[in-house]
Amino acid sequence: TIADARASVLITGESGTGKEVVAKLLHEFSPRLGAPFVAASCAAIPESLLESELFGYEKGAFTGAQNSKPGRFELAHEGTLFLDEIGDVPPLIQVKLLRVLQEREFERLGATKPTKVDVRLITATNRDLYKMVEEGLYRLDLLYRLQVVEIHLPPLRERIEDIRPLAEHFLAKFAAENARNLKALSPIALATLESGSWPGNVRELENSMERAVALTRFDHLTVENLPERLRAPVPERTDPLPDPTEALISIAELNRRYIDQVLGLVGGNKSRAA
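Cut-offs applied
Residues numbered from 1 in each chain as written. Predicted model: local features only at pLDDT ≥ 70, side-chain atom pairs only at ≥ 80, totals over all residues. Heavy atoms only, no water. Helix = DSSP H or I, 4+ residues; strand = E, 2+ residues; numbered from the N terminus. Buried < 20%, exposed > 50% of the residue type's maximum accessible area, 1.4 Å probe, protein only. Contact = heavy atoms within 4.5 Å. Pairing = 2+ DSSP bridges. Axes fitted to C-alpha atoms, helices over the stretch in contact; angles between N-to-C directions. Phe/Tyr/Trp six-rings, centres within 6.5 Å; stacked < 30°, edge-to-face > 60°. Parallel < 35°, antiparallel > 145°, perpendicular 65-115°, else oblique. Left-handed = near helix turned anticlockwise from the far one by under 90°. Nonpolar A, V, L, I, M, F, W, Y, C, P; charged D, E, K, R; others polar. Core = buried A, V, L, I, M, F, W, Y, C linked by side-chain atoms within 4.5 Å.

Colleague: Explain the environment of Ala23 residue by residue, including any values.
Modeller: Here Ala23 is to be found in helix α1 (residues 19-28). Residue Ala23 is classed as buried on the basis of its relative accessible area, which comes to 0%. Residues Ala23 and Ala124 lie 101 residues apart in sequence; the distance between their C-alpha atoms is 8.7 Å. The contacts of Ala23, once residues within four sequence positions are left out, are Ile11, Phe37, Phe82 and Ile122.

Okay, here's the thing in structure tokens:
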């Protein structure tokens, strides 16, 4: 399997789709489980510090380097190094990454000899690296090395079947953290979550559930507890009002469909549906 292999993995997908979670799972199901899992965001580290953060430095390598310091590669020796936002790595660091992947060695800043390292590299990005290659911003040979195995995470709006288990997981998590006796989502709340566009993906869903748990006073979440942006407004009518008899039939049909939907969600149990 991918987790058992030593090959480098590139995880692609929009921001918030859970790329670091997948990286941790690959580590946890690998033979490297007992070794370190080290994570870093290339976009969060200033370019001037990125080289020393990844590869470390020797004492006296630059002003202020009073002691030697290992970098993320050394800290992850025999384990897994996860580099998020790998598309933000500048050209100089791209060259050094390529060497590590090819030779399994690197040099600290200020060092005169290489350091051998055994690290499985997992990277992630929300950018189109092939487009960056075409624009001359990224090395194709490095991309090939990073992309031995690629895992693409679709956005949450394309994984509607995942919304319910994720929402229930976050519900249990935040209920426990806030000492709330919350047991379930109401059917309408669940339907509202499943119809969302989720531009922030799983991260947005998690934040929405945390907010909902903080606001509810009952043993279940209702649609009123969800962020207002998730609740679709009812459009104003611009057409003539329908015949009252037709309106009554429509309401009766709506009620029947709603009851059928609720029964389906609880496996036909009428007591739970009530």
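Colleague: Before we move on, can you summarise the sheet that holds strand β6 (residues 120-125) with the specific residues and values?
Modeller: Taken in spatial order, the five strands make up an open sheet running β2-β3-β6-β1-β7, and their pairing is parallel. This sheet does not close on itself; its edge strands, each paired only once, are β2 (37-41) and β7 (149-153). Across the sheet, the axes of successive neighbouring strands diverge by a mean angle of 15 degrees, strand direction being ignored. Two elements, strand β1 (residues 9-13) and β7, share five bridges in a ladder whose sense is parallel.

Colleague: With reference to specific residues and values, describe the pairing of strand β3 (residues 80-84).
Modeller: Counting buried residues in β3 gives five out of five residues, a clear majority hidden from the surface. What you see with β3 is no split at all: Thr80, Phe82 and Asp84 on one side and Leu81 and Leu83 on the other are buried throughout. Two strands pair when backbone bridges link them, and β2 and β3 are joined in this way by five bridges, in the parallel orientation. Directly across from Ala40, in β3, lies its bridge partner Leu83. Across four bridges, the pairing between β3 and β6 is parallel.

Colleague: Provide a residue-level description of the packing of aromatic side chains, including the pertinent values.
Modeller: Describing an aromatic ring pair means giving the distance of the ring centres and the angle of the ring planes. Counted by the stated rule, this structure contains five aromatic pairs. Ring plane angle 15 degrees and centroid distance 6.5 Å describe the contact between Phe37 and Phe82, whose orientation is recorded as stacked. Here the residue Phe37 occupies a position in strand β2, and Phe82 occupies one in strand β3, the gap between them amounting to 45 residues. Judged by its relative accessible area of 1%, Phe82 falls in the buried class.

Colleague: Report on the packing of helix α7 (residues 160-177) against helix α8 (residues 187-194), specifying residues and quantitative values.
Modeller: Interhelical geometry of α7 versus α8 gives an angle of 130 degrees and a closest axis separation of 9 Å. In terms of axis orientation, α7 runs oblique to α8. In terms of crossing hand, the pair formed by α7 and α8 is right-handed. Judged by residue contacts, Ile160, Ile163, Arg164 and Ala167 of α7 engage Leu190, Leu193 and Glu194 from α8. Across the contact of α7 with α8, the residue classes break down as five nonpolar, no polar and two charged.

Colleague: Go over the packing of helix α2 (residues 47-55) against helix α4 (residues 91-103), please, and point to the residues and values.
Modeller: In helix packing, the relevant descriptors are the interaxial angle and the interaxial distance, both defined with respect to the helix axes. Relative to each other, α2 and α4 sit at 15 degrees, their axes nearing to 10 Å. Between α2 and α4, the angle falls in the class roughly parallel. When you trace α2 past α4, the crossing you get is left-handed. Contact residues: α2 offers Leu50, Glu51, Leu54 and Phe55, while α4 offers Leu92, Ile93, Lys96, Leu97 and Val100.

Colleague: Which residues make up the nonpolar core, and what values go with them?
Modeller: Counting residues in hydrophobic clusters, the biggest one holds 29 residues, and the most contacted among them are Phe55, Phe73, Leu81, Leu83, Ile86 and Leu97. Contributing elements (two or more residues each) for this core: β2, α2, β3, α4, α5 (129-134) and α6 (140-146). Per-element accounting of this core gives the leading share, five residues, to α4. In contact with Phe73, other than residues within four places in its own chain, are Leu54, Phe55, Leu81, Leu97, Val100, Phe106, Val117, Val119 and Leu121.

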